[in-house]
Amino acid sequence: MKLTTREKSALIMEGIVTVVLLLLLNLSVIVLLNEMIQTNPGLQDGIFIIKRSVFIGPAHYQLWSWENIFIVLLAIFDAGVVYWRLIRRYRQMQLRHIIDELHYIANGHFDHRIPFTLKGDTQRVITSVNSLVDSVIASMDEERRIEKSKDELITNVSHDLRTPLTSIIGYLGLVEDKQYHSQDELLKYTNTAYNKAKQMKSLVDDLFVYTKMRNTDTPLSIATLDVGQMLEQLAASFELEASQKGMDVNIDVPDQPMKIEADGEKLGRVFNNLITNALKYGKDGKHIYLRAHQENDDEVVVSVENDGAKIPKASLDQVFERFYRVEGSRSKATGGTGLGLAIAQSIITRHGGYIYVTSDDQITRFIIHLPIKNGTQLKDDHREALPNAKN
Ligand SMILES: Nc1ncnc2c1ncn2[C@@H]1O[C@H](COP(=O)(O)OP(=O)(O)O)[C@@H](O)[C@H]1O
Ligand SMILES: [Mg+2]
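Residues numbered from 1 in each chain as written. Chains lettered and ligands numbered in written order. Predicted model: local features only at pLDDT ≥ 70, side-chain atom pairs only at ≥ 80, totals over all residues. Heavy atoms only, no water.

Participant: Pulling in residues and values, what's your account of the overall build of the protein chain?
Facilitator: Across its full length, the protein chain holds nine helices and nine strands. Over its C-alpha atoms the protein chain spans a radius of gyration of 41 Å, topping by over 25% the 21 Å that the globule rule assigns to 391 residues. If you line up the protein chain on its principal axes, its C-alpha atoms span 135 × 60 × 35 Å. Residues classed as buried in the protein chain amount to 33% of the 391 residues present. Long-range pairs, those at least 24 residues apart, make up 68% of the contacts in the protein chain between residues at least 6 apart in sequence. When the accessible surface of the protein chain is split by element, carbon and sulfur atoms take 58% of a total near 24800 Å². (Helix = DSSP H or I, 4+ residues; strand = E, 2+ residues; numbered from the N terminus. Rg over C-alpha atoms; globule rule 2.2 N^0.38 Å. Buried < 20%, exposed > 50% of the residue type's maximum accessible area, 1.4 Å probe, protein only. Contact = heavy atoms within 4.5 Å. Areas by Shrake-Rupley, 256 points an atom, 1.4 Å probe, with all protein chains shown as cover.)

Participant: For the nonpolar core, give the residues involved together with the corresponding values.
Facilitator: With 53 residues, the main nonpolar core has Leu 231, Ile 260, Leu 267 and Phe 271 as its most contacted residues. Discounting chain neighbours no more than four positions away, the residues touching Leu 231 are Ile 251, Val 253, Phe 271, Leu 290, Arg 291, Ala 292 and Val 302. One finds Ile 98, Phe 116, Ile 126 and Ile 137 within the second-largest nonpolar core, a separate group that totals nine residues. (Core = buried A, V, L, I, M, F, W, Y, C linked by side-chain atoms within 4.5 Å.)

Participant: Help me get a handle on the sheet that holds strand S4 (residues 248–252), residues and values and all.
Facilitator: If you walk across this open sheet you meet the five strands as S4-S6-S7-S9-S8, and the pairing is mixed. Either end of the sheet is taken by a strand with one partner, and the two such strands are S4 and strand S8 (354–359). Averaged over neighbouring strand pairs, the angle between their axes works out to 15 degrees when direction is ignored. (Pairing = 2+ DSSP bridges. Axes fitted to C-alpha atoms, helices over the stretch in contact; angles between N-to-C directions.)

Participant: I'd love a proper account of unusual backbone geometry, names of residues and values included.
Facilitator: Residue Asn 296 is not a glycine yet carries a positive backbone phi of 50 degrees. Positionally, Asn 296 belongs in the loop between strand S6 (287–295) and strand S7 (299–306).

Participant: Give me the pattern of salt bridges: which residues, what numbers.
Facilitator: With the rule as written, the count across this model stands at 14 salt bridges. Residue Arg 124 is joined to Asp 121 by a salt bridge in which the shortest nitrogen-to-oxygen separation is 3.4 Å. Taken together, the residues Arg 124 and Asp 121, both in helix H4 (residues 120–176) and three residues apart, mark about one turn of the helix. Accessibility expressed as a relative area gives 60% for Arg 124, which makes it exposed. (Salt bridge = Lys/Arg side-chain N within 4 Å of Asp/Glu carboxyl O.)

Participant: Can you tell me about the site of ligand 1, naming the residues and giving the values?
Facilitator: Around ligand 1 sit 19 residues in total, of which Tyr 281, Arg 325, Thr 337, Gly 338 and Leu 341 are the nearest. Gly 338 places a polar main-chain atom, nitrogen or oxygen, 2.6 Å from an oxygen atom of ligand 1. Between ligand 1 and Gly 340, the relevant distance is 3.4 Å, taken from an oxygen atom to a main-chain nitrogen or oxygen of the residue. Protein contacts shield 97% of the accessible area of ligand 1, which totals 540 Å² for the unbound molecule. Secondary-structure elements contributing two or more residues to the shell around ligand 1 are helix H7 (264–281) and helix H8 (340–350). A total of five residues in the shell around ligand 1 trace back to one element, the largest contributor, which is H7. (Near = heavy atom within 4 Å. Polar contact = N/O pair within 3.5 Å; in protein donor to acceptor, adjacent residues only side chain to side chain.)

Participant: So what's going on with a nonpolar patch on the surface? Which residues, and what values?
Facilitator: Nonpolar side chains collect at one region of the surface, where Ile 12, Met 13, Ile 16, Val 17, Val 20, Leu 21 and Leu 24 lie side by side and expose about 660 Å² of accessible area between them. With respect to the helices, strands and loops of the structure, Leu 21 is situated in helix H1 (residues 5–38). Residue Leu 21 is classed as exposed on the basis of its relative accessible area, which comes to 54%. (Patch = residues over 30% accessible without salt bridge, like charges linked within 9 Å, V, L, I, M, F, W, Y side chains within 5 Å.)

Participant: Break down the packing of H1 against helix H2 (residues 41–53) for me, citing the residues and quoting the values.
Facilitator: Following both chains from N to C, one finds H1 and H2 inclined at 100 degrees, their axes separated by 6 Å at the closest point. Considered as vectors, H1 and H2 are oriented roughly perpendicular to each other. Contacts between H1 and H2 involve Met 36, Ile 37 and Gln 38 from the former and Leu 43, Gln 44 and Ile 47 from the latter. Each residue belonging to the contact of H1 with H2 can be placed in one class, and the counts come to four nonpolar, two polar and no charged. (Parallel < 35°, antiparallel > 145°, perpendicular 65-115°, else oblique. Nonpolar A, V, L, I, M, F, W, Y, C, P; charged D, E, K, R; others polar.)

Participant: Summarise the packing of H7 against H8; cite the residues concerned and give the values.
Facilitator: For the pair H7 and H8, interaxial distance at closest approach is 9 Å and the crossing angle is 145 degrees. The two elements H7 and H8 cross, and the hand of that crossing is left-handed. Counting all contacts with H7, which are made through Lys 266, Leu 267, Arg 269, Val 270, Asn 273, Leu 274 and Asn 277, the residues of H8 involved are Gly 340, Leu 341, Ile 343, Ala 344, Ile 347 and Ile 348. Among the residues forming the contact of H7 with H8, the class breakdown is eight nonpolar, three polar and two charged. (Left-handed = near helix turned anticlockwise from the far one by under 90°.)

Participant: Account for H2, naming residues and giving values.
Facilitator: Helix length check: H2, at 13 residues, gives a terminal C-alpha distance of 19 Å against a target of 18 Å (1.5 Å per residue), a fit within 8%. The backbone nitrogen of Gly 42 has a side-chain oxygen 3.3 Å away, supplied by the residue at the start of H2, namely Asn 40. (Expected span 1.5 Å × (residues − 1).)

Participant: Lay out the coordination of the magnesium ion (ligand 2) with the relevant residues and their values.
Facilitator: Protein-derived coordination of the magnesium ion (ligand 2) comes from Asn 273 (OD1) and Asn 277 (OD1), at a distance range of 2.3 Å. With Asn 273 and Asn 277 both in helix H7 and four residues apart, this pair spans about one turn of that helix. When sorted by exposure, Asn 273 lands in the same class as Asn 277, which is buried. (Donors = N, O, S within 2.8 Å, 3.2 Å for Na, K, Ca; no water.)

Participant: Got a sec to walk through the pairing of S7? Specific residues and values, please.
Facilitator: In terms of burial, S7 is largely enclosed, as eight of its eight residues are buried. Here S7 shows no split at all, with Glu 299, Val 301, Ser 303 and Glu 305 on one side and Val 300, Val 302, Val 304 and Asn 306 on the other all buried. With eight bridges joining them, S6 and S7 adopt antiparallel strand pairing. Residue pairing in the sheet places Tyr 289 in a bridge with Glu 305 of S7. Linkage of S6 to S7, two consecutive antiparallel strands, is achieved through a turn of three residues, within which Asn 296 is found at a positive phi near 50 degrees. Sheet analysis places S7 next to strand S9 (residues 364–371), joined by eight bridges and oriented antiparallel. Considered in S9, the bridge of Val 302 is made with Ile 368.

Geometry only, nothing functional implied.
What follows is the structure, encoded as structure tokens:
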């Protein structure tokens, strides 16, 4: 910390005034003491005895006269007082500097930090202030990021709602203007409008679940459930759909039950989406595998795998982003919203687990790690291992 010239002269003045005052004080003490000794013979004798006892050596060399000792003591006392006064003043100045810096930061200079270092407790104040500013800035940035991502969400949603809405209005307009030539054509128009309306509904539904899951206030309804059993039920419910596509669903779970504490309905939604995805996007695939096993004592690993076309490397990290769909699957034929995996990730994260995907020419694997006990937070080893891990 650098003192200003004014502060320096204030310190010097303080020093001078203190020294002058002390000298006056010393003088009066010496005069008073002298007076006392002169008028008191008993005291004089006492001092004489003390003086003799402080002689040292055989030469009886007198090291100090008592006056010297007294003056040295006074000088030490004076130095102490001067030091104490100056240091007190200096501390006040430090405090004023810190307050000035705080005002500067509070006036909107948020990239500013208190630049100087001091000793002891004052430094702790500075460090705390600086880290307080850091965390305020971080949370402001976070706030801004959230704001921006909400705007993006609204843009995406309005875009994705407008497209089907435009065709609904178009087709219903044709019906309204009686621009159809047969009953069949009329049915075709209304049917298209109906399908588009359903598409809109599924987007709105997904959006609703997505925002609900992102909101940490939404409670999960936790119960104990058996993962193996759950996967078996799911496999059974998808059997027909799969066989219509020439695919099969295989189960690979341990014989003994695998109980975890989780929200069964929400997890069901996650697996439903993963299996639906495997059916929809696993082009040329023949098999879907649902696997589960226990890892470490406190977690289970569930994976949904399919042997269809692989997800391009560049998309692997992005498939969990809301509205992200690998180029090609944007075609309306598959009719997804691009929210499924974002919802899945939110649900798994809310359970304290994590989800990631690996994909190569042979197999695409969506792998989910879930804690057995509700309230446990699993460490995401997978993401940490990624070179450019992002959340
Ligand atoms: N098993 C899979 N194989 C290949 N691509 C997949 C698979 N699962 C998901 N994807 C890709 O990830 C994208 C995002 O999936 P999702 O979030 O469920 O959205 P949606 O199913 O609505 O398109 C899909 O559009 C698809 O491109
Ligand atoms: Mg999906």
